[in-house]
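# A look at the structure
Each chain is listed here by its residues.
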Amino acid sequence: MNEQIVILDFGSQFTQVIARRIRECNVYSTILPYNVSTEEILRLNPKGIILSGGPSSVYSPQAPLPDPGIFKLTIPLLGICYGVQLLAHFLGGKVEPGQKREYGKGTLQVQDSTCPLFANLPTELQVWNSHADKLTKIPKGFSAVGISENSIYAAIENRSKHFYGLQFHPEVVHTPRGKEIISNFVHGVCGCGKDWNMLNYIDQAVDEIRRQVGSEKIILGLSGGVDSSVAAALIHKAVGDQLTCIFVNNGLLRSREADVVREVFGKHFKIKLQYEDASKLFLTRLKKITDPERKRKIIGKTFIEVFQSATKKAGKAKFLAQGTLYPDVIESIPIGGNPAAMIKSHHNVGGLPKNMKFQLVEPLKCLFKDEVRQLGIDLGLPNEIVHRQPFPGPGLAVRILGEVTPTRCQILRNADAIVVEEMKSTGWYYKVWQSFAVLLPVKSVGVMGDERTYEYTIAIRAVESQDGMTADWVKLPYEILEKLSSRIINEVKGVNRVCLDISSKPPATIEWE
Ligand code: XMP
């Protein structure tokens, strides 16, 4: 088992960021709900515990509180923001509402540079704050090791007990040296080595998959996206031909998408690939359908039907593999109405029907997206797949407004291929969350040569986002927009006008549907 740090989640929007920062230090981290018992924590044998921030006040009657037993353990502990207030609250200090909310950039003056958290760091650090309450008295045995503009207890320690507290957020990028503070905690204070990396993980995961699957067959629905592709490569490494990947062409794919999957997985990796071309069925069922919700339902239902009959064709399998990631499985208890803790993406819920009696294999279940990409690189997957932008399951159907017809699909596919090509050649493809073309059902007048035209409109959508829940439109350079417009209008038959979508989410969504 890897050495690990346990993070108790008190509802901060940054809890997952803490976990990622620790893993970037090559130390494994696990997020647990704030109220797990001390026994449960001990079962994981952590080298350290971090109490996350959170939106509550320790003195509120609904305040989320940890099992007090954790303060009696001899395991190093770091409280961040709300976490340091908990330390004070439980160990005899005092927390009071601050005069004003401290929010944004601040400066930390390190008072005691022998504090292990600040090893090899300057005595003045830029930090990022987000708190209203503050410590007014520190518990016995603690001393102040850092002050900020607003607090004489911005960093505290009880060095002999290995308990530390920070009022600011070391995990966010706005605390530029914060990762070093976290590294000092996990390596310097907790004594963790650096045993967490994707090359080690491959060996562990291969063993684990072999143990779980034995000599049974396993099926995986390959979409060509990052997660299912990395899962396929990893499982194939573990059990070879026991794995069959099913790739469904729903007729709503982008240019060359099916070819790339067949080349990479079929030819290069020599994975058993069952290619199901169901494009006619999907497009027939979508005929005359214009309502976005109905389109989605039809596509979802048809996919399940096609996938189900494909699994029968693949032969009797006991296991079904899925590319589930860590953020999908973290158990979080909504706290104080913090929306970040409660909203789950509405798109990926549902999945396959219960009557498909498979046991699940989910080898990416403890990984974050950046780790999955690194794993993909270490497994030898091409950049084209590892750094692919997200693409929705219902495919081009959510980017063709109005009826989805084969002609409209082809127009959009051609326009989209130009967007992808230009974004890649200028390097912008890898800097943004998504960039694509949308086909509007609007025809307008134009002139081409001496002739009057009456053709469709393409909208260009490019957004920046962390997780798809919110997004900002990207200010692409005019030169790129100019090239996109002229190439699309000149090269794509059926289009005579190109627009740019300058809406952010919310209130707009990323896909137009
Ligand atoms: P919206 O359009 O709701 O999209 O702002 C947010 C993110 O989710 C993706 N998306 C989907 N992903 N199945 C998926 O796997 C879907 O049905 C689906 N619909 C939207 C969208 O591309 C964006 O990244």
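Residues numbered from 1 in each chain as written. Predicted model: local features only at pLDDT ≥ 70, side-chain atom pairs only at ≥ 80, totals over all residues. Heavy atoms only, no water.

### A short note on the pattern of salt bridges
Counted only if it meets this: Salt bridge criterion: a side-chain nitrogen from Lys or Arg within 4 Å of a carboxyl oxygen from Asp or Glu. Think of it this way: any DSSP run of H or I at least four residues long counts as a helix, any run of E at least two long counts as a strand, and we number them from the N terminus.
Here the structure, examined in full by the defined rule, presents 24 salt bridges. Arg20 is paired through a salt bridge with Asp370; the nearest N and O atoms lie 3.6 Å apart. You can see Arg20 sitting in helix H1 (residues 15-24) and its partner Asp370 sitting in helix H12 (residues 369-378), a full 350 residues away along the chain. One salt-bridge network, held together by shared partners, links Glu421, Glu422, Lys483, Arg487 and Glu491.

### Remarks on the nonpolar core
Nonpolar side chains in soluble globular proteins tend to end up buried together. The criterion, for reference: Nonpolar cores were defined as sets of buried Ala, Val, Leu, Ile, Met, Phe, Trp, Tyr and Cys residues, with membership established by side-chain atoms within 4.5 Å. We call a residue buried when its accessible area falls under 20% of the maximum for its residue type, exposed when it is over 50%, and partly exposed in between, using a 1.4 Å probe and counting protein chains only. Residue contacts are counted whenever heavy atoms from the two residues lie within 4.5 Å of one another.
In this structure, Leu252, Val404, Ile458 and Ile488 are the most contacted members of the largest nonpolar core, which totals 48 residues. Secondary structure elements with two or more residues in this core: strand S11 (243-249), helix H8 (279-285), helix H9 (292-313), helix H14 (406-425), strand S15 (434-448), strand S16 (451-464) and helix H15 (478-491). The biggest single contributor to this core is H14, with eight residues. Each residue touching Ile488, except ones within four places of it in the same chain, is listed here: Ala415, Ile418, Val419, Ile458, Ile460, Val495 and Val498. Within the second largest apolar cluster, 45 residues are counted, among which are Trp196, Tyr201, Ile235 and Val261.

### A few points about the sheet that holds strand S7 (residues 143-148)
Stated precisely, the cut-off is as follows: When DSSP locates at least two bridges between a pair of strands, those strands are taken to pair. To get an axis, a line is fitted to the C-alpha atoms, and for a helix only the part in contact is used. The angle between two axes follows their N-to-C directions and goes from 0 to 180 degrees.
Taken together, the nine strands give an open sheet; going across it, the order is S2-S1-S3-S4-S9-S8-S7-S5-S6, and neighbouring strands pair in mixed fashion. What marks the edges here is a single partner per strand, and that holds for strand S2 (28-33) and strand S6 (124-137). Direction aside, neighbouring strands of the sheet carry axes that sit 25° apart on average. As paired elements, S7 and strand S8 (residues 151-158) share four bridges and run antiparallel to each other. Counted as the bridge partner of Ala144 is Ile156 from S8. The sheet strands contacting H1 are strand S1 (4-9), S2, strand S3 (48-51) and strand S4 (77-80), and the helix crosses S2 at an angle near 160°. Contacts between helix H4 (residues 178-189) and the sheet are confined to S1, S3, S4, S6 and strand S9 (163-166), with S9 contributing the most and set at about 175° to the helix.

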